[in-house]
There are 2 protein chains.
Amino acid sequence: MRRHSILIVVCDGMADRAARTRGFQTPLSVAKKPNMDALAETGSIGLMHPIGPGVNPGSDVAHFALLGYNPYECYTGRGGLEAVGAGFAVNPGDVAFRCNFATVDDKMIVKDRRAGRAPEGREELAKAINEMKMSAPNVSFEFAPTVEHRGVLILRGKSLSRRVSDTDPHIEGRAVQKAKPEDRSEESRRTADIMNEFTEKSYLVLKNHPINAKRVGMGLPPANAVLSRGAGTIPPIETLTTKYSISAAFIGVAPIVRGICRLAGMDLIDVEGATGGLDTNFVAKAKAAVRAMEKYDLVFLHIKAPDIASHNGDFEKKVWTIEKIDAALGEALKSVDLNTHYIVLTSDHATPVVVKDHSADPVPIMIAGPDFDASGATSFSERTAATGNLGALLAPNLMPILMNRLGKIEKFGS
Amino acid sequence: MRRHSILIVVCDGMADRAARTRGFQTPLSVAKKPNMDALAETGSIGLMHPIGPGVNPGSDVAHFALLGYNPYECYTGRGGLEAVGAGFAVNPGDVAFRCNFATVDDKMIVKDRRAGRAPEGREELAKAINEMKMSAPNVSFEFAPTVEHRGVLILRGKSLSRRVSDTDPHIEGRAVQKAKPEDRSEESRRTADIMNEFTEKSYLVLKNHPINAKRVGMGLPPANAVLSRGAGTIPPIETLTTKYSISAAFIGVAPIVRGICRLAGMDLIDVEGATGGLDTNFVAKAKAAVRAMEKYDLVFLHIKAPDIASHNGDFEKKVWTIEKIDAALGEALKSVDLNTHYIVLTSDHATPVVVKDHSADPVPIMIAGPDFDASGATSFSERTAATGNLGALLAPNLMPILMNRLGKIEKFGS
């Protein structure tokens, strides 16, 4: 194993909120998690605001912050991140969109935002779309299906803007929206025009496509429209390698986090059995992360499961995910020597079970390693972290704090 | 009562400073206040810097911060706030001043900054002033007495500026000052000229006014000059309703705080027996605040008494005010269910008894409610708050933190 490598374990949405009616307990305080508790005792613990007190972060923004980037400076929409995460090339100037195959009627009213979830023949439909000719000069596009009914659209060329609104109405029973410029620039107006032309032409191409004729014949909803949302460019960030001269790897499934990590210069490691769901192979992911510490200075392990249980409002299931993660860490970390290596355990943001969505609450963080002081805490929870020996941090502080221990921070002043 | 309403109790200047010679005790640590202590035990506590460490805030700036506004961005002088607080209409572009009726000699030397405190016939004197014709085109003014010797002057029109100095010399025995522009703009020069003309003309109008002839005949100081200070415009702020979609109300007497709250879109609730002094009806105010929680999402209760005792340097009286507030809260809060509602207890700033003025010290804050963790503290004081489970906050964080719990914070990112 490398002399000093760092494993950051991000349990998505694990942080929660103490409820008076539950005796102030949280999933983290209730869960049986002997391994996390032991790490907290000989490690440092504290509270971390993802962005700042009272700021409710999306997944994208929260991960920029965790990796040391200022989201107020670098966040340029979700589309580009998602496309990069799905493995597509997005270059500076390109504008990418998250897309859905959908079912619309002949008045363009959305009947099914997912065209029956996973329409067969997606590749053929995409091929037909990609053969369309657009009237705008100096612009090309790439449309590609990804998972189920989802896809990405990348506009390439000059004078494009991400400041255009969604064509996706986001609810069924409403018409496909006109893309509108969100500022007064010529680029935004032009991009909105292109999106409206794309939307109309793709409907014309799709509605008479043999695949859809077949679907209708079988009583299935036709995939006869492409809805777009979340226009984005790639963010203007330096890679971690450039910033800190480190090597870094990411293990996780969520496309948007993969996209951000790829843009941060991290290698993406795929793990057999990692699903990004409640059925993921926790142990396989944890073991793969520890193995990666042999090769990389920094390994980022992302586990989505607690967030899923939280969005479902399922306290017990959230406790279960934490216990699964704890057991997996217990098994995998046996071979990690804390006299030389660092383990960080935290969340990207809180997803309180009562809220069933992200919230602005701070998250507990634990850092154990050769030279972080022991907190002496008997457990790891929102409560112990609140008065912990790390104090209160902002997520963008984390990477500089860790890089300081690796001796990667240049002196300010002399 | 509404499903989730918030009561913020601001005890003006309650925070103090631990003195070694007093065994490190403060009025808050000495006071018998079982109700505040009980709230602190099952609520979260911490320290809050009104603006930032070492920044000594005025009342105006401190209250902007408490309501979630950045005073560095929105503070535009005291005059406009005070005029709005006194019930006058101040529109964008208007410049308002705090004024005193004063007594000057024929060399314009100030003999009595308050013209004997509460000169009789103020309304008639004001009428005479308001009939004056000013030479500047496109400017009108309104002068109105408020309480005792005080009044407000509002300049209305175009091309005015708040960057003009006071005509009030602030001490007696010195001449009425010329208003001077405080920057190089044409607007400031013009506004200074207007103020100098106003000051000269009002002296001419007042000195021969029958009311003053009568006062001199009775051996009273004539109210023969109007001193002005604190030029201000209304701040460029969004109301709380616009920012967070909440309804809000204010209970309190201090004109400047009333002005800020009115500008923040809060309803002002008057309470019988509320004086803004040491003789205020603590219980009536607390009960009115709890009643208002039935109608409003946010209720702001401001109690000036601790600040008054502090300015007087009276430790024992300050303890007394805290005990009076505690008893009033104990009585009023009986009907508030903390499983659904929030109570916040804090100060706008510290006013240490030894300083007899505002200071930059942080203030203790307590938040109790359905989903703030229990601190377990056995009392509420500067000392317990310093290591409390809320950590260290800045006052402008408070409103976002509370609005997060009400689900009023929009996600940043996606």
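In this text, all values refer to a predicted model and were calculated from it rather than measured experimentally.

Caption draft 1: Summary view of the sheet that holds strand β10 (residues 298-303) of chain B. Residue and element names in this part refer to chain B. What the eight strands build is an open sheet, ordered β9-β8-β10-β1-β11-β12-β2-β13; its pairing is mixed. Each edge of the open sheet carries a strand with a single partner, namely β9 (267-268) and β13 (391-394). Here helix α15 (residues 395-405) sits on the sheet in contact with β1 (6-11), β2 (44-49), β10, β11 (342-346), β12 (363-368) and β13, set at roughly 105° to β13.

Caption draft 2: Quick look at the interface of chain A and chain B. Across the contact, 27 residues belong to chain A and 25 residues belong to chain B. Counting the surface lost from both chain A and chain B, the interface buries some 2100 Å², and carbon and sulfur atoms represent 51% of this. In terms of surface lost to chain B, no three residues of chain A exceed Arg17, Arg20 and Asn56 of chain A, which account for 31% of the buried area on that side. Our count for the contact surface shared by chain A and chain B stands at four salt bridges. We note a salt bridge from Asp357 of chain A to Lys411 of chain B, for which the minimum N-O separation is 3.1 Å. Taken together, chain A and chain B are joined by 14 residue pairs in polar contact (both at pLDDT 80 or more). Contributions of two or more residues to the side of chain A that touches chain B are made by β3 (56-57), α3 (59-66), α4 (71-74) and α14 (382-386) of chain A. In the side of chain A that touches chain B, the residues fall into 12 nonpolar, eight polar and seven charged.

Caption draft 3: Region of interest: the confidence of the model for chain A. Of the residues in chain A, 100% have a pLDDT of 70 or more, and the chain-wide mean is 96. The complex prediction reports pTM at 0.92, with the ipTM value standing at 0.90.

Caption draft 4: Broad picture of the side chain of Thr26 of chain A. All names here are of chain A. Along the chain, Thr26 turns up in the loop between β1 (6-11) and α1 (27-30). Here Glu382 takes part through its side chain, which lies 2.6 Å from a polar atom of the side chain of Thr26. Apart from residues lying up to four places away in sequence, Thr26 is in contact with Asp16, Arg17, Ala18, Phe315 and Glu382.

Caption draft 5: Region of the structure containing the packing of aromatic side chains. All names here are of chain B. Tallied over the entire structure, the rule returns 17 aromatic pairs over all chains. Summarising the aromatic geometry, the rings of Phe64 and Tyr69 are spaced 6.3 Å apart at their centres and angled 85° between planes, so their arrangement reads as edge-to-face. A single burial state applies to Phe64 and to Tyr69, both of which are buried. Here Phe143 and Phe198 contribute two aromatic rings whose centre-to-centre distance is 6.4 Å and whose plane-to-plane angle is 45°, an arrangement assigned as tilted. In this pair, Phe143 is assigned in strand β5 (residues 139-145) and Phe198 in helix α7 (residues 186-207), connecting sequence segments 55 residues apart. Residue Phe143 shares its accessibility class with Phe198, and that shared class is buried.

Caption draft 6: Fine view of the pattern of salt bridges. The tally for this structure, following the rule as stated, stands at 50 salt bridges over all chains. The partner of Arg229 of chain A in a salt bridge is Asp168 of chain A, and the shortest N-O contact between them spans 3.9 Å. Taken together, the residues Arg229 of chain A in strand β8 (residues 225-232) and Asp168 of chain A in the loop between β7 (150-157) and α7 (186-207) connect sequence positions 61 residues apart. When its relative accessible area of 13% is taken as the criterion, Arg229 of chain A is described as buried. Take Asp168 of chain A: its relative accessible area is 2%, and that puts it in the buried class. Across the pair Arg189 of chain A and Glu186 of chain A runs a salt bridge, and its minimum N-O distance is 2.6 Å. Residue Arg189 of chain A and its partner Glu186 of chain A are located together in helix α7, separated by three residues, close to a single helical turn. Classification of Arg189 of chain A by relative accessible area gives partly exposed; the value is 38%. Among the ionic contacts, a cluster of salt bridges with common partners joins Arg17 and Asp361 of chain A together with Asp371 and Arg405 of chain B.

So, how was this worked out
Residues numbered from 1 in each chain as written. Chains lettered and ligands numbered in written order. Predicted model: local features only at pLDDT ≥ 70, side-chain atom pairs only at ≥ 80, totals over all residues. Heavy atoms only, no water. Pairing = 2+ DSSP bridges. Helix = DSSP H or I, 4+ residues; strand = E, 2+ residues; numbered from the N terminus. Contact = heavy atoms within 4.5 Å. Axes fitted to C-alpha atoms, helices over the stretch in contact; angles between N-to-C directions. Buried area = accessible area lost by both parts, 1.4 Å probe. Salt bridge = Lys/Arg side-chain N within 4 Å of Asp/Glu carboxyl O. Polar contact = N/O pair within 3.5 Å; in protein donor to acceptor, adjacent residues only side chain to side chain. Nonpolar A, V, L, I, M, F, W, Y, C, P; charged D, E, K, R; others polar. pLDDT = per-residue confidence, 0-100. Phe/Tyr/Trp six-rings, centres within 6.5 Å; stacked < 30°, edge-to-face > 60°. Buried < 20%, exposed > 50% of the residue type's maximum accessible area, 1.4 Å probe, protein only.

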